[in-house]
Structure formats: C-alpha cells, structure tokens
Amino acid sequence: MIQYIDGKQVRNMFVSGANNLKNHKDLVDKLNVFPVPDGDTGTNMSLTISCAIKELNKVEKDDIGQLGKALSKGSLMGARGNSGVILSQIIRGIAQSIDGKETLTSMDIAKALKNGSDIAYKAVIKPVEGTILTVVRESSEYALKAAVLEEDIIEFMKLLVKEANNSLNRTPELLHALKEAGVVDSGGKGLVLVYEGMLKSLEGQFVESQEVQTSETSSVQVENKISTEDIKFQYCTEFILETDKISDVQMRDKMLKYGDSLVVVGDDGIIKVHVHTNTPGDVLQEALAFGQLLTIKIENMKLQHENKVIQDAKESEVEEQAVSEEPKEFGFIATSMGDGLAKIFKDFGVDHIIEGGQTMNPSTEDFMNAIDKMNANNIIILPNNSNIIMAANQAKDLSDKNIIVIPTKNVSQAFAALVNFDADLTLEENEANMLDALSTVKNGQVTYAVRNTVINDVEVKEGNIIGLGEGKLLSAGDDIDEITTQLVESLVDEDSAIITLFYGEDIQEEQAEALRESLEEKFEDIDIELYYGGQPIYYYLVSVE
C-alpha cells in the first residue's frame, strides 16, 4: 500500500505518462472526425509534453514544487495546437496545486487534477463538452470523491484511469461529429494515455520511450543582407530567474534600459528574460538582486553574424534579415505550408512565415521566437488554422509587444484579410476591417480518405478523393478533378465573383490548368484564378469570394 509519493516518484510518473502518450501518438492522430490524412492531436500533445519533460530534466533535485514549475514552463512554451495548449494549462494547474509539498497523497493528486481542470477551462473562451476538457473535468471531480475512500495511491490511480476511460467513451454522446465518425475525442484519449502511463510507473512498469525521433516545425524568415555595423546591441542574453521578489512586469520595466528585442515571460516564480544588450554583465547583476539564475545563455551576435555570412556566401542560399533602427509601423506573421503559398504571403508583405499547418502545428514558442524577431510597432498574426489560433493567442498574452491575432482558419481568409489591410489606418481600424473580411470568403479542400466512414450521408472508402467545404464533408469519389468541380459547385452562389484554386505539390501545372479551363466553361461569369500553393496532403485549396 502506497499512501504517499515523493518527488522522485512524481518525476517518474510524468516521464512514464509522457512516454506512453508519445508511443501511441499515431493512434491518437487517427482519431480524427474527418477521414483525412492530417490528424495531428497526438503529435501536438506529444510535442507539448516532450517540451515539459525536457524542462523537467534540467531540474536535478526531486523537489515536487520545482518539478511542477519546470513541467509548467516547458509545456507552456512548447504548447502546439488547441490540444497542446489545453494540456499545458492542465499541467500548469497541477503544478500550482502541488507547489510547496514534500509528498503527495491521493487527495493531493485529486485536488491537483481538479485545479488543472479549472485552469484549462478558464483558458478556453468557449469550452466545448465532449473533448479533453470533459475528460479532465469528469475524471478530476470523480477523483475528489475517490480520494476520500481510497488512500492507496495505486488503487486510487486505477479508479482514476477507469473513470477517465468511461468519460472518454461518453464523448461521442456529447459531440455529434464524434458519434457520426465513430470515434472518441482524440485529446481526451491523449490525456487518458498520460494517466495510464503514470499508473504503470507506480505499479513498477515504467513506460520507456519507443520513439526514435520527433519532427519539429521549422521557421522560415524572409531576410536581407546586413553588416555587423547594423547590429546595435551585440549580445543576445537569455536567462531564467527563480524569484519571489519581483513580478515579470516589474522585471520587464527594469530590463528596458539595457537594450532591445526584450521578451519577459513569467510563470509562478519563474521569469524568463530575453534581451539584446551591450552589457550582459549588468543585466545579470540586476537580475541576481532578485533571486537565483537557473540558466544563462549569452551569444555574440556580431560573431554569429560574421560566421553566418561566411557560410551563406559558400552556400549562396540564405539572405540576412534587414535590421532597421527605426521599427516599421506594421509587421505580419503568418503560418503556412507550401513554398508557393509562402511566396504569395511574401508578395502580400508578410515579414515572417512560420512553416506549419494542419499536420504540424507551430508551438507557442515558435510564435514567441517570430515575435521577438519582428521590428515593428504593431504585429498582426495570421494563424490560418483553427487549431493554431490558441497557441498564437497564448504567445500574444506572453509577449509585451503590441499584437493582434486575426483568427484566420485558412489561407483563403488570410489573403482576404491582407487585401483589406490599409497601412494608413490605425491598428484598431485595420483589425475591424480584417475581421469583417473573414466572412466574405468560402473555402474548401480536396484530399484523400484514410479510412472508411459515412459522414453527412456521404459514404467514404479508404483511398477515395474527398471534398471538404466550410468544415463539412461534401463529396467522395475517385477522380480529383471531378471532386474539385463538385466542391466548387457547392461553394458558389449567385453573389460569387472570384474562384481561386491553389494546387498542391502532388498536382502538375498542366493538370491544374486543364481544370481551370473546365471551370471557366462551367462558370462563365466568374473569374477563375489559379496559383501554385505547393501544400502537402491537399490536392487543391479552394477559395470562393
């Protein structure tokens, strides 16, 4: 009988839980409402909790409070997609609850899970039941009752896992889309896998990671050549301060005098600071007055730049970013997959493109890094995917820069928003105009099915070409052009004036041109535009305005 667990056991529980999730992330990815090859919940949750464990491994002592703070910070910065952001908030709530404890009882664990649930619900503007939120809430509420009767932590965890699975199995009754697709909620499944891994650790069956490597989102920046003389502040200085004497806002105010590119992130007694300065010693000395420095990193950007210029001259590929002493008024960050789409965004004046999309959601830290590189008074972020909006907003909240997030759910909305941007207007006026533009465009995608299903009375077989329009499965068949044409027909109405097709990496230009000619014959009064998008998975992205 185990009535208490110490820091070492807490560490092992989280690592085992994380490994169990990572080992089954492909299974979670497949629990997608639509039978498309872009399920990403397992990948997002796995990458999020991997960042938490990476931060956990930096903590040498098995102090429960410090372990919790490390897990919270790592998951917060590594959060990807809606499921990852929600998981990071669950972990944050758990960390808050266990802080200051030397050991944990079953009741302590129950209260921590309930606090994790409460924090996660607060992070979501419109909580939807039948999701990971339901699973964490119902299982934590049950845990509070079970802990009163069961002091043995192993038996308590068995009850928790059983109830979490019961809650997961009920999710299709709460979300019609899940029931129609014949799947349970993917985020809830990911959470159950974490719980199950934790239980196995307590039972002496620690789950080892079977994953060889994880893929990371890459970030692509549009850059121009500069000289080292243009680098005003030479040293990129980063540190993490452990303190109870100063808030992140107060620390930000103290750091302003030392340089630029300042980012200050605080979370429960831990403050991360990034600043470009010419006096890193003074920066660290100031910080030391308020607590202990957990990590320090100082890089000479002039030396880095000189080395990079030499390397780039040999490769003749990468251009350096132009750095201006005077920031421009507006800067743009967009998420995109495909070199063609990236070029279009560049033509629209987007400064920084984060490569990512439905199959690889950028993390909060990816957005923070992009924000840090922006030299603009106002920053506008275009997530271009409903599963990326939360991470973008979380980065906005963590940053002290003036940022708005236009909640674009696809590139069609992004391009419509960019068309309505006017540099002569204020940020608030542009935000209103860009938000209004989102409702003027309809969008669709053509891809292939990865399983058999029936949705919206459309029978789908594995391998079929399928058309998705405005979030609904509309058609299925064997011919790409035929399904694309059907999709366009379903999106067009009497007010439609422009149809835009972005063809993907698996479509030849000649094939796309032939489809455009066919659509021009069918829709004589509507302009048909065709662009190379280069996006993976989707044969065509369709926009109708």
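Computed from a predicted structure; not experimentally measured.

It is worth spelling out the overall build of the protein chain at this point. Per the secondary structure count, the protein chain includes 20 helices and 17 strands. A total of 545 residues make up the protein chain; the buried ones form 54% of that total. Across the protein chain, every contact between residues at least 6 apart in sequence was considered, and the portion connecting residues at least 24 apart equals 71%. As presented, the protein chain carries roughly 24,400 Å² of accessible surface, and 46% of it is formed by carbon and sulfur atoms.

A few words on the sheet that holds strand 16 (residues 527–532). Spatially, the 6 strands line up as an open sheet ordered 14-13-10-17-15-16, and their pairing is mixed. Every interior strand has two partners, whereas the edge strands, strand 14 (472–477) and strand 16, have only one. Along the sheet, successive strands turn relative to each other by an average axial angle of 20°, direction set aside. With 6 bridges connecting them, strand 15 (residues 498–503) and strand 16 associate as parallel partners. When the bridges of strand 16 are listed, leucine 501 appears paired with leucine 530. Here helix 20 (residues 509–522) sits on the sheet and contacts strand 15, strand 16 and strand 17 (540–544); the angle it forms with strand 16, its principal contact strand, is near 170°.

Further remarks concern the pairing of strand 14. Note: strand 13 (residues 465–469) against strand 14, 5 bridges, orientation antiparallel. Bridge pairing in strand 14 places isoleucine 465 opposite glycine 477.

A few words now on the pattern of salt bridges. All told, the structure shown has 18 salt bridges when counted by the stated rule. Lysine 58 is the partner of glutamate 55 in a salt bridge, and the nearest nitrogen-oxygen pair spans 3.5 Å. You can call glutamate 55 buried: its relative accessible area is 15%. When the shortest N-O distance is used, the salt bridge between aspartate 366 and arginine 80 registers 3.4 Å. Note that aspartate 366 is positioned in helix 15 (residues 364–373) and arginine 80 in the loop between helix 4 (64–78) and helix 5 (81–98), a separation of 286 residues in sequence. Here aspartate 366 matches arginine 80 in class, with each residue buried. It is possible to trace a salt-bridge network through shared partners that takes in Glu129, Arg137 and Glu141.

Under the definition given, this model contains 8 aromatic pairs. Ring geometry for phenylalanine 348 against phenylalanine 415: centres 5.5 Å apart, planes inclined by 15°, an arrangement best described as stacked. Residue phenylalanine 348 is found in the loop between helix 14 (339–347) and strand 7 (352–355), and its partner phenylalanine 415 is found in helix 17 (residues 411–419); the two are separated by 67 residues along the sequence. The exposure class of phenylalanine 415 is buried, given its relative accessible area of 9%. A centroid spacing of 6.4 Å and a plane angle of 50° characterise the contact between tyrosine 448 and tyrosine 539, whose relative ring orientation is tilted. Of the two residues, tyrosine 448 sits in strand 10 (residues 442–448) while tyrosine 539 sits in the loop between strand 16 and strand 17, which places them 91 residues apart along the sequence. Here a set of aromatic residues connected by ring pairs shows up, and it is made of Phe345, Phe348, Phe415, Phe502 and Tyr531.

The subject of this paragraph is the packing of helix 6 (residues 106–123) against helix 8 (residues 153–174). Contact pair helix 6 / helix 8: the axes reach a minimum separation of 9 Å and the direction vectors enclose 30°. Relative to helix 8, helix 6 is oriented roughly parallel. Contacts between helix 6 and helix 8 involve Ser106, Ile109, Ala110 and Leu113 from the former and Ile153, Phe156 and Leu160 from the latter. When its residues are assigned to classes, the contact of helix 6 with helix 8 shows 6 nonpolar, 1 polar and no charged.

Moving on, we come to helix 20. Over its 14 residues, helix 20 runs 20 Å from end to end, which matches the ideal 20 Å to within 8%, given 1.5 Å per residue. Within helix 20, the full set of buried residues consists of Ala512, Leu515 and Leu519. Taken down its axis, helix 20 places every buried residue within 60° of arc, on the same side. In helix 20, those exposed residues whose orientation departs by more than 90 degrees from the buried face are Glu510 and Glu521. If you follow the buried residues of helix 20, they end up packed against helix 19 (480–491), strand 15, strand 16 and strand 17.

Looking at the element boundaries, serine 518 is found in helix 20. Using a relative accessible area of 34% as the deciding quantity, one classes serine 518 as partly exposed. Residues serine 518 and threonine 485 lie 33 residues apart in sequence; the distance between their C-alpha atoms is 8.8 Å.

What follows covers the pairing of strand 13. By the criterion of burial, strand 13 is predominantly enclosed, with 5 of the 5 residues buried. Here strand 13 shows no split at all, with Ile465, Gly467 and Gly469 on one side and Ile466 and Leu468 on the other all buried. Pairing of strand 10 with strand 13, which is carried by 5 bridges, proceeds in the antiparallel orientation. Bridge pairing links threonine 447 to isoleucine 466 in strand 13. In sequence, strand 13 turns back onto strand 14 through a hairpin of 2 residues, with glutamate 470 there showing a positive phi of about 50°.

Core analysis: the largest hydrophobic core is formed by 89 residues, its most contacted members being Met157, Ile333, Phe367 and Ile381. Apart from residues no more than four positions distant in its own chain, isoleucine 381 is found in contact with Ile333, Phe367, Ile371, Ala392, Ile403, Ile404, Val405 and Ile406. Grouped together as the second largest cluster of nonpolar side chains are 24 residues, Phe415, Leu427, Met434 and Leu438 included.

With that settled, consider the confidence of the model for the protein chain. With 87% of its residues at a pLDDT of 70 or more, the protein chain shows a mean pLDDT of 85. Note on residues 212–228: pLDDT under 50 across the span, and 48 contacts to partners over four residues away in sequence or across chains. In the model, residues 308–324 has pLDDT below 50 throughout and makes 24 contacts with residues more than four positions away in sequence or in other chains.

Our focus in this paragraph is the side chain of glutamine 445. As for its position among the elements, glutamine 445 is in strand 10. For glutamine 445, a relative accessible area of 17% puts it in the buried group. A polar contact of 2.5 Å, which involves the side chain of glutamine 445, links it to the side chain of asparagine 443.

Cut-off values and rules
- Residues numbered from 1 in each chain as written.
- Predicted model: local features only at pLDDT ≥ 70, side-chain atom pairs only at ≥ 80, totals over all residues.
- Heavy atoms only, no water.
- Helix = DSSP H or I, 4+ residues; strand = E, 2+ residues; numbered from the N terminus.
- Buried < 20%, exposed > 50% of the residue type's maximum accessible area, 1.4 Å probe, protein only.
- Contact = heavy atoms within 4.5 Å.
- Areas by Shrake-Rupley, 256 points an atom, 1.4 Å probe, with all protein chains shown as cover.
- Pairing = 2+ DSSP bridges.
- Axes fitted to C-alpha atoms, helices over the stretch in contact; angles between N-to-C directions.
- Salt bridge = Lys/Arg side-chain N within 4 Å of Asp/Glu carboxyl O.
- Phe/Tyr/Trp six-rings, centres within 6.5 Å; stacked < 30°, edge-to-face > 60°.
- Parallel < 35°, antiparallel > 145°, perpendicular 65-115°, else oblique.
- Nonpolar A, V, L, I, M, F, W, Y, C, P; charged D, E, K, R; others polar.
- Expected span 1.5 Å × (residues − 1).
- Arc of directions from axis to C-beta.
- Core = buried A, V, L, I, M, F, W, Y, C linked by side-chain atoms within 4.5 Å.
- pLDDT = per-residue confidence, 0-100.
- Polar contact = N/O pair within 3.5 Å; in protein donor to acceptor, adjacent residues only side chain to side chain.

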